[in-house]
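Listed below are the residues making up each chain.
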Amino acid sequence: MTDTKTLIENRPPSVATLFLERVAATPDAEAYRYPVPPEDGQGPDGWKSLTWSEAATRVYAIAAGLMDLGIRPEERVAIAANTSVDWILADLGVLCAGAATTTVYPSTNADETAFILADSGSRLLIAEDAAQLAKARQARADLPDLAHVVVMTADDAADTDGDGWVLSLDALEKRGAAYLEQHPAAVTDAVAALTKDQLATLIYTSGTTGRPKGVRLPHDAWAYMALAIQAIELLDENDVQYLWLPLAHVFGKVLTAAHITVGHVIAVDGRVDKIIENLPVVQPTYMAAVPRIFEKVYNGAAAKARAGGAAKHRIFTWAAEVAREYAKVTQNSMRLTGTPSAPVRLRTQHAVADKLVYAKLREAFGGRLRACVSGSAALAPEIGYFFSGAGIHVLEGYGLTESSAASFVNPGRAYRTGTVGKALPGLEVRIAEDGEILLRGPGIMQGYHGLPEQTEEVLEPDGWFHTGDIGELSPDGFLKITDRKKDLIKTSGGKYIAPAEVEGRFKAVCPFVSNVLVIGGGRNFCTALLALDEPTLLGWAKDNGLDGRAYGDLVATDQVNELITGYVNRLNEGLQRWQQIKRFRVLPRDLDVEHGDLTPSLKLKRPVVEREFAALIDEMYEGAREK
């Protein structure tokens, strides 16, 4: 472990400084891998690499190109693109130019994209393709500050406006290379001039209601995060990390900062539909993901076993229970003695289950996975225990956009499923009287952009940040999140319920569920809206005489209602009476980002879903009384 005092007091002012130090230290080491489609468009992608020196050449050119276009320190440069090497290099170029990155999800609609560009005062937009360019062009008249759009895809960068407003990323880099010939020290001078309090990133939170708020994160926040993650030895220089998370989100962004200090390899591909295909090729040792990915893998494995017949399904169900028991026993012994151990009977069962089930699951992840980090939302403990027992170690972490993502993370071998681990060195934590988690440290935001009143609501003058989350700290510093403060349900009978706890339990019980929303605030009993995983449900339908029916037709059948009722009854057996789900409705479609039900990081937008399906909620409570 790195000395905390040294870490806090002696860190450089910015990640840009750390990047230059990394390039100088290991110029010829591999930094990035990225997919390259085959020339004929057929077959699997190939992968190419960039060394730190090669990456620096492009970063310098981008930074100098931005300077040549008139971008000045702290002026905002927006990036609207999917996760890719170009995104990372563009962001580093912005930072090395002394400017600040405004992140925009590529899935953001034209209206909200225009709002973010205007609210941030972005001077330049780096757009992935023609679709992102079109959003800016549509709003150009309302964006007087937006001087240029740089398009990553050269074929989509035609300057149809005829005034030089649009140029390609390649053209920007060539312009930067020419600028560096005239001003060779331009980038290094700009990095040397950076101060820790300068704005580095403006990340807009995907709010559930109203317009998103821009979170102001200074250079110092990222430098601190990078060194704090290095200090806890979460990663080492020999790791190969697979990165697919959206870089417009703070979770993905913090991983790129830590990569620079540790110096390992990152394989970058933001295409979610390529994850299963890429893992056996990349063979990562480390990967970060959101809970929905682990839920999908678990449900997929259960569905595959079910499709293999009754015997295979029984084996999988048995192996899943063994995995959970093994994980709980070994984690507990690790906590008590510092060494994971289990009784002979359990070790024998685990060894058999490993050969039959777990080994195949690990191979699907590439066969070399040392650990995964799960964040952005709560992971159902029973899902976490399953993967832990199967030898896929999921280290849960916790943080917010306002705290630069990584505030807590589980420590390596001593991780505890169901907690989000310990605070990073240099972070102070306090639990308020009402259970709210308060944080103070270098990673906390400066405030919300242009919103002083909303900033004051969550950020105290002495630096304490109100997270809005409810949690408990163990005597040895492990944090357990129990719910969002604003999401706690109080029934009309006065009972408080944490919906996330009930929802997590149901995800562990029911292999068909995709999303679940527990309702009950101000009501006299709880109900639930359920969305089912379409591939899993269609597989079940094929085996139960309902093959050929569409998802919407299936969920309306008595057979599906009977199937899900069985799982709801199993859930209720383990709940207090006031927590139990008395009625439910299966939604006619799954919840997704496209319909606005989920944020781009796959968090459930409760108010949005409740509004959209208000009729179903009213139906569940119409004339109803608790039995």
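So, here's what we can say about the structure.

Thresholds, definitions, all that
Positions within a chain are numbered from 1, following the residues in the order the chain's sequence is written. In view of the model being predicted, local features appear only for residues whose pLDDT reaches at least 70, and side-chain atom pairs are presented and counted only at 80 or more, with totals across whole chains, interfaces and linings using the full set of residues. Side-chain measures here rest on the full set of heavy atoms in the structure, leaving out hydrogens and waters. Note on aromatic contacts: the rings of Phe and Tyr and the six-membered ring of Trp form a pair at centre separations within 6.5 Å, being stacked when their planes are under 30 degrees apart, edge-to-face when over 60 apart, and tilted otherwise. Put simply, DSSP H or I for four residues or longer makes a helix, DSSP E for two residues or longer makes a strand, and each gets a number counted from the N terminus. For each residue, the accessible area found with a 1.4 Å probe, counting protein chains only, is set against the maximum for its type, and the residue is called buried under 20%, exposed over 50%, and partly exposed in between. Geometrically, a charge over a ring is one whose NZ (Lys) or CZ (Arg) sits within 6 Å of the ring centre while staying within 35 degrees of the ring normal. For each structure, a 1 Å grid was placed over the protein atoms alone; sets of points admitting a 1.4 Å probe that cannot get out are labelled cavities, open sets with protein on both sides within 12 Å along at least five of seven lines are labelled pockets, and lining residues have an atom within 4 Å of a point. Grid points are joined across faces, edges and corners, and a volume is the space filled by probe spheres set on the points. In the scheme used here, Gly and all other residues not listed as nonpolar or charged are polar, with Ala, Val, Leu, Ile, Met, Phe, Trp, Tyr, Cys and Pro taken as nonpolar and Asp, Glu, Lys and Arg as charged. Pairing between two strands requires that DSSP report at least two bridges joining them. To define a nonpolar core, start from buried Ala, Val, Leu, Ile, Met, Phe, Trp, Tyr and Cys residues and group those joined through side-chain atoms within 4.5 Å. Contacts are residue-level and defined by heavy atoms, with any inter-residue pair within 4.5 Å sufficient. Note on method: axes are straight lines fitted to C-alpha atoms, helices fitted across the in-contact stretch only, with angles between N-to-C directions ranging 0 to 180 degrees. Candidates for patches are residues over 30% relative accessible area with no salt bridge; among them, like charges are joined within 9 Å and nonpolar side chains (Val, Leu, Ile, Met, Phe, Trp, Tyr) within 5 Å. Methods summary: accessible areas were calculated by the Shrake-Rupley approach with a probe of 1.4 Å, and residue burial reflects only the protein chains presented. By definition here, a salt bridge exists when the distance from a side-chain nitrogen of Lys or Arg to a carboxyl oxygen of Asp or Glu is within 4 Å. N or O atoms within 3.5 Å of each other form a polar contact, as long as, within protein, one can give a hydrogen and the other can take it, and as long as residues adjacent in sequence are counted only when both atoms are side-chain atoms. A helix's residues, less one, multiplied by 1.5 Å, set its expected span. This arc corresponds to the set of directions leading from the helix axis out to the C-beta atoms.

Overview of the packing of aromatic side chains
Here comes step 1: Within the structure shown, the criterion is met by 12 aromatic pairs.
Here comes step 2: A centroid spacing of 4.9 Å and a plane angle of 70 degrees characterise the contact between Tyr 298 and Phe 386, whose relative ring orientation is edge-to-face. Of the two residues, Tyr 298 sits in helix H12 (residues 291-307) while Phe 386 sits in helix H15 (residues 381-389), which places them 88 residues apart along the sequence. Across the pair, exposure class does not vary: Tyr 298 and Phe 386 are buried alike.
Here comes step 3: Here the aromatic residues Phe 294, Tyr 298, Phe 316, Phe 365, Phe 386 and Phe 387 are joined through ring pairs into a cluster of three or more.
Here comes step 4: Across the ring face of Phe 478, the terminal group of Arg 416 is positioned such that the distance to the ring centre comes to 3.7 Å.

Observations concerning empty space enclosed by the protein
Here comes step 1: A full pass over the atoms with the stated rule returns 3 cavities of 30 Å³ or more.
Here comes step 2: What lines the largest cavity is Val 15, Ile 88, Asp 91, Leu 92, Leu 95, Trp 222, Lys 253, Thr 256, Ala 257 and Ile 260.
Here comes step 3: Those elements that provide at least two residues to the lining of the largest cavity are helix H4 (85-96) and helix H10 (250-262).
Here comes step 4: In terms of residue class, the lining of the largest cavity is built from 7 nonpolar, 1 polar and 2 charged.
Here comes step 5: Volume-wise, the second largest cavity comes out at about 50 Å³.
Here comes step 6: For the second largest cavity, the full set of lining residues is Val 502, Phe 506, Val 516, Val 518, Ala 528, Leu 530, Val 568, Leu 571 and Ile 581.
Here comes step 7: If you list the elements that add at least two residues to the lining of the second largest cavity, you get helix H17 (499-509), strand E24 (513-519), strand E25 (526-532) and helix H20 (558-573).
Here comes step 8: Among the residues forming the lining of the second largest cavity, the class breakdown is 9 nonpolar, no polar and no charged.

Considerations on the pairing of strand E17 (residues 428-431)
Here comes step 1: As paired elements, E17 and strand E18 (residues 436-440) share 4 bridges and run antiparallel to each other. If you follow Arg 430 over to E18, its bridge partner there is Leu 438.
Here comes step 2: The loop that links E17 with its antiparallel partner E18 comprises 4 residues; one of these, Gly 435, has a positive phi angle of about 95 degrees.

Some thoughts on the nonpolar core
Here comes step 1: Phe 19, Tyr 32, Trp 244, Met 287 and Phe 387 are the most contacted members of the largest nonpolar core, which totals 136 residues.
Here comes step 2: Once residues lying within four places of it in the same chain are set aside, the contact partners of Trp 244 are Thr 83, Asp 269, Gly 270, Val 272, Ile 275, Met 287, Ala 288, Ala 289, Val 290 and Ile 293.

What about the side chain of Glu 503?
Here comes step 1: Looking at the element boundaries, Glu 503 is found in helix H17.
Here comes step 2: Beyond its immediate stretch of four places on either side in the chain, Glu 503 contacts Val 516, Leu 517, Val 518 and Arg 606.

Observations regarding the sheet that holds strand E14 (residues 394-398)
Here comes step 1: If you walk across this open sheet you meet the 9 strands as E2-E1-E11-E10-E12-E13-E14-E15-E16, and the pairing is mixed. Edge strands, defined here as strands with exactly one partner in the open sheet, are strand E2 (46-51) and strand E16 (422-423).
Here comes step 2: Two elements, strand E12 (residues 286-289) and strand E13 (residues 371-374), share 4 bridges in a ladder whose sense is parallel. Paired with Met 287 across the two strands is Cys 372, which belongs to E13.
Here comes step 3: Contacts from helix H3 (residues 52-68) reach strand E1 (30-36) and E2, with the element oriented near 80 degrees to E2.
Here comes step 4: Lying over the sheet, helix H11 (residues 275-282) contacts E1, E2, strand E10 (240-243), strand E11 (265-268) and E12, oriented at roughly 170 degrees with respect to E10.

Observations concerning a nonpolar patch on the surface
Here comes step 1: Taken together, the side chains of Ile 315, Trp 318, Val 352 and Leu 356 present a nonpolar region at the surface, about 310 Å² in accessible area.
Here comes step 2: Only helix H13 (310-337) and helix H14 (344-364) provide two or more residues apiece to the nonpolar patch.
Here comes step 3: Checked against the element boundaries, Ile 315 lands in helix H13.
Here comes step 4: Accessibility expressed as a relative area gives 36% for Ile 315, which makes it partly exposed.

Side note on unusual backbone geometry
Here comes step 1: The backbone of Glu 233 shows a phi angle near 60 degrees, a positive value even though the residue is not glycine.
Here comes step 2: Following the sequence through the fold, Glu 233 ends up in the loop between helix H9 (219-231) and E10.
Here comes step 3: Among the residues examined, Glu 233 registers a relative accessible area of 54% and is labelled exposed.
Here comes step 4: Notably, Ala 405 is not glycine yet its phi reads approximately 85 degrees, a positive angle.
Here comes step 5: Here Ala 405 shows up in the loop between E14 and strand E15 (408-409).

Focus on the sheet that holds strand E9 (residues 214-218)
Here comes step 1: The sheet built from 8 strands is open, its strands ordered E7-E6-E5-E3-E4-E8-E9-E19 with mixed pairing. In this open sheet, the two strands that pair with only one neighbour each are strand E7 (166-168) and strand E19 (447-448).
Here comes step 2: Sheet topology note: the strand E6 (residues 148-151)/E7 ladder contains 3 bridges and is parallel. From the neighbouring strand, Val 149 faces E7, where its bridge partner is Val 166.
Here comes step 3: Its contacts with the sheet place H9 against strand E8 (199-204) and E9, and it is angled at close to 70 degrees to E9.

Overview of the pairing of E8
Here comes step 1: Counting buried positions over the 6 residues of E8 gives 6, a clear majority of the element.
Here comes step 2: Pairing of E8 with E9, which is carried by 5 bridges, proceeds in the antiparallel orientation. Bridged to Thr 201 within E9 is Leu 217.

Overview of the packing of H12 against H13
Here comes step 1: Viewed as axis vectors pointing N to C, H12 and H13 meet at an angle of 145 degrees, and their least axial separation amounts to 7 Å. Contacts between H12 and H13 pair Tyr 298, Ala 301, Ala 302, Ala 305 and Arg 306 from the former with Lys 312, His 313, Phe 316 and Arg 324 from the latter.
Here comes step 2: Along the lines of polarity and charge, the residues of the contact of H12 with H13 split into 5 nonpolar, 1 polar and 3 charged.

Digging into the side chain of Thr 455
Here comes step 1: As for its position among the elements, Thr 455 is in helix H16 (residues 452-458).
Here comes step 2: Exposure remark for Thr 455: the relative accessible area of 12% places this residue in the buried category.
Here comes step 3: Of the polar contacts made by the side chain of Thr 455, one reaches the backbone nitrogen of Tyr 448; its length is 2.9 Å.
Here comes step 4: Ignoring anything within four residues of it in the chain, the contact list for Thr 455 reads Gln 446, Gly 447 and Tyr 448.

Looking at the environment of Asp 543
Here comes step 1: Positionally, Asp 543 belongs in helix H18 (residues 534-543).
Here comes step 2: Setting aside chain neighbours within four positions, we find Asp 543 in contact with Arg 306 and Ala 307.

What about H20?
Here comes step 1: If you check H20, its first and last C-alpha atoms are 23 Å apart, about what 16 residues at 1.5 Å a residue would give, namely 22 Å.
Here comes step 2: Restricting attention to buried positions, one finds in H20 the residues Val 560, Leu 563, Ile 564, Tyr 567, Val 568, Leu 571 and Asn 572.
Here comes step 3: Summarising the contacts, the buried residues of H20 are in contact with H12, H17, E25, H18, helix H19 (551-554) and strand E26 (581-586).

Overview of helix H7 (residues 169-182)
Here comes step 1: With 14 residues, H7 extends 20 Å between its outermost C-alpha atoms, agreeing within 8% with the 20 Å of an ideal straight helix rising 1.5 Å per residue.
Here comes step 2: Taken as a whole, H7 has its buried residues at Leu 169, Leu 172, Glu 173, Gly 176 and Leu 180. Seen along its axis, H7 keeps its buried residues to an arc of 95 degrees; they face one direction. Every exposed residue of H7 that faces more than 90 degrees away from the buried side is listed here: Lys 174, Glu 181 and Gln 182.
Here comes step 3: Of the surrounding elements, those touching the buried residues of H7 are H3, H4, E6, E7 and helix H8 (186-192).

What is shown is where atoms sit, not what they do.
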